[in-house]
Number of protein chains: 2
Amino acid sequence: MMKENHKVLLTASQLTALRQLIGEEKVLTSEEEKVVYSYDASKRKYPPSAIVLPRSRDDIVKVMRFAYEENIPVYPRGSGSGMSGGSLPVYGGIALVFTQMNKIIEIDEVNQSATVEPGVVLSELQHAAGRLNLFYPPDPASAEFASIGGTLAECAGGLRCVKYGVTRDYVLWLEVVRMGGEVLQFGSDAVKSVSGYDILRLLVGSEGTLAVFSKIKVRLLPRPETAYTLLATFSDEITALGAGIELLKNAFVPSALEFIDSLSLQCAYDYSHDQRIKDVRGVLLIEFDGKRAQVEHDCSEAREFLSRRAGALNVEIATDRQSIEALWQIRRYLSPALFQLGPTKYNEDIAVPRSELVATFKAIKELADRHKLTIAVFGHCGDGNLHVNFMFDENNKDEKARVEQAIPELFQMVIQRRGTISGEHGIGIMKLPYLSLEYGEAELRIMREIKSIWDPKNLLNPGKIFPSDNFRTPPTTQ
Amino acid sequence: MMKENHKVLLTASQLTALRQLIGEEKVLTSEEEKVVYSYDASKRKYPPSAIVLPRSRDDIVKVMRFAYEENIPVYPRGSGSGMSGGSLPVYGGIALVFTQMNKIIEIDEVNQSATVEPGVVLSELQHAAGRLNLFYPPDPASAEFASIGGTLAECAGGLRCVKYGVTRDYVLWLEVVRMGGEVLQFGSDAVKSVSGYDILRLLVGSEGTLAVFSKIKVRLLPRPETAYTLLATFSDEITALGAGIELLKNAFVPSALEFIDSLSLQCAYDYSHDQRIKDVRGVLLIEFDGKRAQVEHDCSEAREFLSRRAGALNVEIATDRQSIEALWQIRRYLSPALFQLGPTKYNEDIAVPRSELVATFKAIKELADRHKLTIAVFGHCGDGNLHVNFMFDENNKDEKARVEQAIPELFQMVIQRRGTISGEHGIGIMKLPYLSLEYGEAELRIMREIKSIWDPKNLLNPGKIFPSDNFRTPPTTQ
């Protein structure tokens, strides 16, 4: 996708200067390290020329100033669990890796908030909050390894968005460092603030292209007293999807509402032999959380509704930890199980209005038939956010060509149905060629102009979001 | 505050051209009309040179193109209910008034969303949604007359933010018109989208300075089955505030949590002779909403908690419409009742982290004593958002001078306590001199640069948010 000859390599003298600036031990340049930091969950590979591991804001400032003066691209990176290639060093330069800045600075019980460094792993924050009966709702599938900085950069979603919203809804303020080293802070410790423009939420979801996050404060909620899970099985996938939509239309407020299609279920069954999903052709996994009495009430009403009015074959309610885990295990089987269908997976996280879900699902299956492709679909039905998994073999050139033909068709269909090409993964490099399907030239011009305010030399995470012809290799590097 | 000689007056030929462009009946220029559109709830007066009432997006485009070419400032205005002067034509020019664009275009029950023109009155949307068992949570005190466009421009809050968040959390997409007439659309019909920068939420809360809204789509929620109200009375205001904080700390999730101080209660009692608040020195008004059984449970637990563990004198629960109205009437008395304390009111909507509420309240009372001023405080305790009402006589020069000395001291104190100078009213002209207390030069420079991307000639709502020395009267006007 990117041309190798655009790659910015640090010179020996630049590396020496960088080591002197922030300390020998924070700069890695071995070939092995370059491989480690060359890829993310998108599976694309672009090795950096050097890896820098800051330990403090001061380290970040020094690197951002040095790189600006030397015209070296900087690629911020948390745990590298992004699905869209947001952290990949596509033009070489410096990978700025936040894994050493992983302190939970404070959890404030009165204000129900947490102040953290960007490298904190999301699940660590979730557990620390949980120990104080608090709750950080954003919950992407990568929570066990994703850094919170990365989840802010991509405005991560997850299972609970249908009730709790996305990452952007939980950020109180951000301390950031611009290219050149300027430190800024946007947002407020107060939960409500309308002072000046909402730059905070512009930064969230900006995929590391505007500024680097050095300190983060997020809002927490009281931890729900309990959460129960329902597994509803269906004889066909359209009925399952329709049941999910009807549930929301009838004022149920689940904290998760996941759909799994027939093909995915077949794989999960073959993988696990879980009898619950034997011969089942559509599933909804539903969670209700809150006070116990209310959750019990919601679950029994939902079971009634799904069985009597929405065509469910069977509805199982899990109320203890072990049974709940067993039900969610079905969802977790999917990731390994789908590889029975092909060694390569492209997971496109499209989202549509709920009213378009059924038609979108049918169109995806039609797309698979037309291109003779295998597409397994599951996802966050409550948000209209489907994971469209193209399962294929990238070494099969013919098949790969058909996938690459089908993807733009998928996106075009989704846009026609008033949807979005990315519900939660971001644009990164993976969807960069398609952003113009969703936004016109005028809208993209505004975005590009905002990028150039923050980063006039286009050195921070260049080659992301916008078409890459934008990047000119700075003259002082080879 | 603004210099009269900066005022842009439309020439006779410009007025003729404008009338020809969009139609005679949509352009008003009588002195009476200019008075009508010269003020808002901030009570400051700046008459426009002409009033334009667009009926369609095309009308808006024509006016925005014309004004751009002719270097005429444009001041977008909904119902003029803003508290910070956001719609005031401080440099004359055109008041672009959206009251004729007041159609609810669609309420979509499946997707739980509403598409509206910007001039729709907020309570009309609330009622229309309610008839379909849907619910639009943002609820500023001005809901009966505020236009939805205005509430988006200021990112309005209200009583329910403590549970439901603010206006920004409910906007799906915006169609906007820039100075010059370019039409753009940001956001998505899908409830989750991370395609490109979050320009949508940059526009929300931008106080009409970046672009004019021509069409709006918002998210709705299922209407809660019921809502009950509690009135908790206290023997002193500090205990009342503390009880509110403790309630949240103990995982209660009220849909409103309002505090009223002793002085406000005294006024409300003198005005209404409501025996509930006789000799009461602090009050919490609390709402719980949701399913009936859960609400009953929450109310009885909250009463128990407030009485036994938080020092309430008495807790009354209202469960039928009439009793609920009677309790909220106490809150509504405040607006007229406070004028017993002085004919002029400056209402400052500061917000602080909850942990700072008690100290902030004490500091406000100390500020009142020190400057010999009368300050009544009430507000959204759950958000740390207090309405600090300076009650005085603006014709009393000495008193007015003391108010004007006390206000920056209030804001400085609030910032020291990690708060914000505006929780929900916006900066407009009223807080423009103080924004630099909250944001440093570097942060404000980013904001100004964003303003100039959208509006390089500084013709859209000039003189707002940022210090006014920024505005240069364009050369072709007098």
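Because the structure is a prediction, the values reported are computed rather than measured.

### Focus on the overall build of chain A
And then number 1: When you go through chain A residue by residue, the secondary structure sums to 15 helices and 18 strands.
And then number 2: Dimensions of chain A, computed from the C-alpha atoms along their principal axes, are close to 70 × 60 × 45 Å.
And then number 3: Here the contacts in chain A between residues at least 6 apart in sequence split such that 73% fall between residues at least 24 apart.
And then number 4: Per element, the accessible surface of chain A, about 17300 Å² overall, is 47% carbon and sulfur.
And then number 5: Of the side-chain charges in chain A, 55 are positive and 62 negative, and the distance between the mean point of each set is 1 Å.

### A closer look at helix 3 (residues 57-70) of chain A
All names here are of chain A.
And then number 1: Under the 1.5 Å per step criterion, the end-to-end length of helix 3 is 20 Å for 14 residues, consistent within 8% with the ideal 20 Å.
And then number 2: All of the buried residues along helix 3 are Asp59, Ile60, Val61, Val63, Met64, Phe66 and Ala67.
And then number 3: Looking one or two places after helix 3, you find Asn71, whose phi comes out positive at around 60°.

### Let's talk about the side chain of Gln294 of chain A
And then number 1: Among the structural elements, Gln294 of chain A can be located in helix 10 (residues 292-309).
And then number 2: You can call Gln294 of chain A buried: its relative accessible area is 10%.
And then number 3: The residues touching Gln294 of chain A, leaving out its near neighbours within four places in the chain, are Lys291 and Gln294 of chain B.

### Digging into the relation of the copies chain B and chain A
And then number 1: The operation relating chain B to chain A is a screw motion whose rotation component is 180°, with 0.0 Å of axial translation and a residual RMSD of 0.0 Å. Both copies of the chain, as the preceding transformation shows, are related through a two-fold rotation axis.
And then number 2: Taken as a fraction of all interface residues of chain B, those also at the interface in chain A reach 100%, which identifies the copy contact as same-surface.

### A few points about the pattern of salt bridges
Residue and element names in this part refer to chain B.
And then number 1: Taken as a whole, this structure holds 62 salt bridges over all chains when the rule is applied.
And then number 2: Of the charged contacts, one joins Arg418 and Glu356 as a salt bridge, the two residues approaching to 3.7 Å between their closest N and O atoms. In this pair, Arg418 is assigned in the loop between helix 13 (397-416) and helix 14 (435-438) and Glu356 in the loop between strand 16 (344-348) and helix 12 (357-370), connecting sequence segments 62 residues apart.
And then number 3: Here Glu356 falls in the buried class, since its relative accessible area comes to 18%.

### Looking at the packing of aromatic side chains
And then number 1: Tallying each qualifying case throughout the model produces 22 aromatic pairs over all chains.
And then number 2: Ring plane angle 55° and centroid distance 5.9 Å describe the contact between Tyr271 of chain A and Tyr333 of chain A, whose orientation is recorded as tilted. Remark: Tyr333 of chain A occurs in helix 11 (residues 321-337) and Tyr271 of chain A occurs in helix 9 (residues 262-272); sequence separation between them is 62 residues.
And then number 3: For Tyr271 of chain A, a relative accessible area of 44% translates into the label partly exposed.
And then number 4: With a relative accessible area of 18%, Tyr333 of chain A lands in the buried category.
And then number 5: Chaining the aromatic ring pairs together yields one cluster made of Phe186 and Trp454 of chain A together with Tyr439 of chain B.
And then number 6: One Lys or Arg, Lys457 of chain A, reaches over the ring of Tyr68 of chain A and ends 4.2 Å from the middle of that ring.

### Re the interface of chain B and chain A
And then number 1: The partner chain A presents 82 residues to the 82 residues of chain B that form the contact.
And then number 2: With both sides pooled, the region where chain B packs onto chain A buries about 6600 Å², and carbon together with sulfur makes up 56% of that total.
And then number 3: Among the residues of chain B in contact with chain A, Lys192, Val194 and Tyr197 of chain B are the three that bury the most area, contributing 15% of the side total.
And then number 4: The interface formed by chain B and chain A includes 38 residue pairs in polar contact (both at pLDDT 80 or more).

### Points about the packing of helix 15 (residues 441-454) of chain A against helix 15 (residues 441-454) of chain B
And then number 1: One can describe the packing of helix 15 of chain A onto helix 15 of chain B by two numbers: an axis separation of 10 Å at closest approach and a directional angle of 150°. With respect to helix 15 of chain B, the element helix 15 of chain A is oriented roughly antiparallel. Along this stretch, helix 15 of chain A crosses helix 15 of chain B, giving a crossing that reads as right-handed. Contacts between helix 15 of chain A and helix 15 of chain B pair Ile446, Glu449, Ile450, Ile453 and Trp454 of chain A from the former with Ile446, Glu449, Ile450, Ile453 and Trp454 of chain B from the latter.
And then number 2: Each residue belonging to the contact of helix 15 of chain A with helix 15 of chain B can be placed in one class, and the counts come to eight nonpolar, no polar and two charged.

### Looking at the nonpolar core
And then number 1: Within the largest apolar cluster, 206 residues are counted, with the highest numbers of intra-cluster contacts made by Leu306, Phe390 and Trp454 of chain A together with Leu306, Phe390 and Trp454 of chain B.
And then number 2: Sequence-distant contacts of Leu306 of chain A, that is, excluding residues within four places in its chain, are made with Leu230, Ala232, Phe234, Ala243, Leu247, Leu284, Ile286, Gly311, Ala312 and Val315 of chain A.

### Things to note about the sheet that holds strand 15 (residues 314-318) of chain A
All names here are of chain A.
And then number 1: Pairing is antiparallel across the open sheet formed by seven strands, whose spatial order is 15-12-14-13-17-18-16. Each edge of the open sheet carries a strand with a single partner, namely strand 15 and strand 16 (344-348). Strand-to-strand, the axes of this sheet are offset by a mean angle of 15°, without reference to chain direction.
And then number 2: Note that strand 13 (residues 256-260) and strand 17 (residues 374-380) share three bridges and pair antiparallel. For Ile260, the partnering residue across the bridge sits in strand 17 and is Phe378.
And then number 3: Contacts from helix 8 (residues 237-249) reach strand 12 (226-234), strand 13 and strand 14 (282-290) within the one sheet, and its direction differs from that of strand 14 by about 25°.
And then number 4: Against the sheet, helix 12 (residues 357-370) touches strand 13, strand 17 and strand 18 (385-392), its axis set at about 160° to strand 17.

### Digging into helix 15 of chain A
And then number 1: The end-to-end C-alpha distance of helix 15 of chain A is 20 Å, a good match for the 20 Å that 14 residues give at a rise of 1.5 Å each.
And then number 2: Buried within helix 15 of chain A we find Ala442, Glu443, Leu444, Ile446, Met447, Ile450, Lys451, Ile453 and Trp454 of chain A.

### Some details on the confidence of the model for chain A
All names here are of chain A.
And then number 1: Of the residues in chain A, 97% have a pLDDT of 70 or more, and the chain-wide mean is 95.
And then number 2: Note that pLDDT drops below 50 for residues 469-478; the model gives that stretch 22 contacts with residues more than four away or on any other chain.
And then number 3: In the predicted complex, the global pTM is 0.96; the interface-specific ipTM is 0.96.

### Some words on unusual backbone geometry
And then number 1: Here Asn458 of chain A, not a glycine, exhibits a phi torsion of approximately 50°, which is positive.
And then number 2: Relative to the helices and strands, Asn458 of chain A is located in the segment after helix 15.

### Some points on the state of the cysteines
Residue and element names in this part refer to chain B.
And then number 1: Enumeration over the complete set of coordinates arrives at zero disulfides over all chains.
And then number 2: Cys381 supplies the cysteine sulfur nearest to Cys267, a cysteine that is in no disulfide, at a spacing of 20 Å.
And then number 3: Sulfur of Cys381: no disulfide; nearest cysteine sulfur belongs to Cys161 and is 13 Å away.

### Observations concerning the pairing of strand 4 (residues 94-97) of chain A
All names here are of chain A.
And then number 1: The two faces of strand 4 match: Ile94 and Leu96 on one face and Ala95 and Val97 on the other face are all buried.
And then number 2: Of the pairings in the sheet, the one linking strand 2 (residues 50-52) to strand 4 comprises three bridges and is parallel in character. Residue pairing for strand 4: Ala50 is matched across the bridge by Ile94.
And then number 3: Where strand 3 (residues 74-77) meets strand 4, four bridges bridge the pair, whose relative direction is parallel.

### Looking at the sheet that holds strand 2 (residues 50-52) of chain B
And then number 1: Read across the open sheet, the four strands follow the order 1-2-4-3 (chain B); overall the sheet is mixed. Of all the strands in the sheet, the pair left with one neighbour each is strand 1 (27-28) and strand 3 (74-77) of chain B.

### Section: the environment of Thr420 of chain B
And then number 1: Tracing the backbone shows Thr420 of chain B in the loop between helix 13 and helix 14.
And then number 2: Judged by its relative accessible area of 0%, Thr420 of chain B falls in the buried class.
And then number 3: Residues Thr420 of chain B and Asn458 of chain B, 38 residues apart in the sequence, show an inter-C-alpha distance of 26 Å.
And then number 4: Not counting chain neighbours up to four residues away, the residues in contact with Thr420 of chain B comprise Ser188, Ala190, Lys192, Ser193 and Ser195 of chain A together with Ile350, Ala351, Val414, Ile415 and Glu438 of chain B.
And then number 5: Polar contacts involving the side chain of Thr420 of chain B include one to the side chain of Ser193 of chain A, which spans 2.7 Å.
And then number 6: Separated by 2.8 Å, the side chains of Thr420 of chain B and Glu438 of chain B make a polar contact.

### Side note on the environment of Lys362 of chain A
All names here are of chain A.
And then number 1: Examined against the element boundaries, Lys362 turns out to sit in helix 12.
And then number 2: Judged by relative accessible area, Lys362 falls into the partly exposed class, the value being 49%.
And then number 3: Residues Lys362 and Glu237, 125 residues apart in the sequence, show an inter-C-alpha distance of 9.8 Å.

### Quick word on the packing of helix 9 of chain A against helix 11 of chain A
Residue and element names in this part refer to chain A.
And then number 1: The geometry of helix 9 relative to helix 11 is characterised by a closest axis approach of 9 Å and an angle of 90° between their N-to-C directions. The angle between helix 9 and helix 11 places the two elements in the roughly perpendicular class. Each of Ser264, Cys267, Ala268, Tyr271 and Ser272 in helix 9 lies in contact with helix 11, whose residues at this interface are Ile330, Tyr333, Leu334, Pro336 and Ala337.
And then number 2: The residue makeup of the contact of helix 9 with helix 11, split by class, is eight nonpolar, two polar and no charged.

Analysis parameters
Residues numbered from 1 in each chain as written. Chains lettered and ligands numbered in written order. Predicted model: local features only at pLDDT ≥ 70, side-chain atom pairs only at ≥ 80, totals over all residues. Heavy atoms only, no water. Helix = DSSP H or I, 4+ residues; strand = E, 2+ residues; numbered from the N terminus. Contact = heavy atoms within 4.5 Å. Areas by Shrake-Rupley, 256 points an atom, 1.4 Å probe, with all protein chains shown as cover. Lys, Arg positive; Asp, Glu negative; His and termini not counted. Charge placed at Lys NZ, Arg CZ, Asp CG, Glu CD. Expected span 1.5 Å × (residues − 1). Buried < 20%, exposed > 50% of the residue type's maximum accessible area, 1.4 Å probe, protein only. Least-squares fit on C-alpha atoms with pLDDT ≥ 70 in both. Salt bridge = Lys/Arg side-chain N within 4 Å of Asp/Glu carboxyl O. Phe/Tyr/Trp six-rings, centres within 6.5 Å; stacked < 30°, edge-to-face > 60°. Lys NZ or Arg CZ within 6 Å of the ring centre and 35° of its normal. Buried area = accessible area lost by both parts, 1.4 Å probe. Polar contact = N/O pair within 3.5 Å; in protein donor to acceptor, adjacent residues only side chain to side chain. Axes fitted to C-alpha atoms, helices over the stretch in contact; angles between N-to-C directions. Parallel < 35°, antiparallel > 145°, perpendicular 65-115°, else oblique. Left-handed = near helix turned anticlockwise from the far one by under 90°. Nonpolar A, V, L, I, M, F, W, Y, C, P; charged D, E, K, R; others polar. Core = buried A, V, L, I, M, F, W, Y, C linked by side-chain atoms within 4.5 Å. Pairing = 2+ DSSP bridges. pLDDT = per-residue confidence, 0-100. Disulfide = S-S within 2.5 Å.

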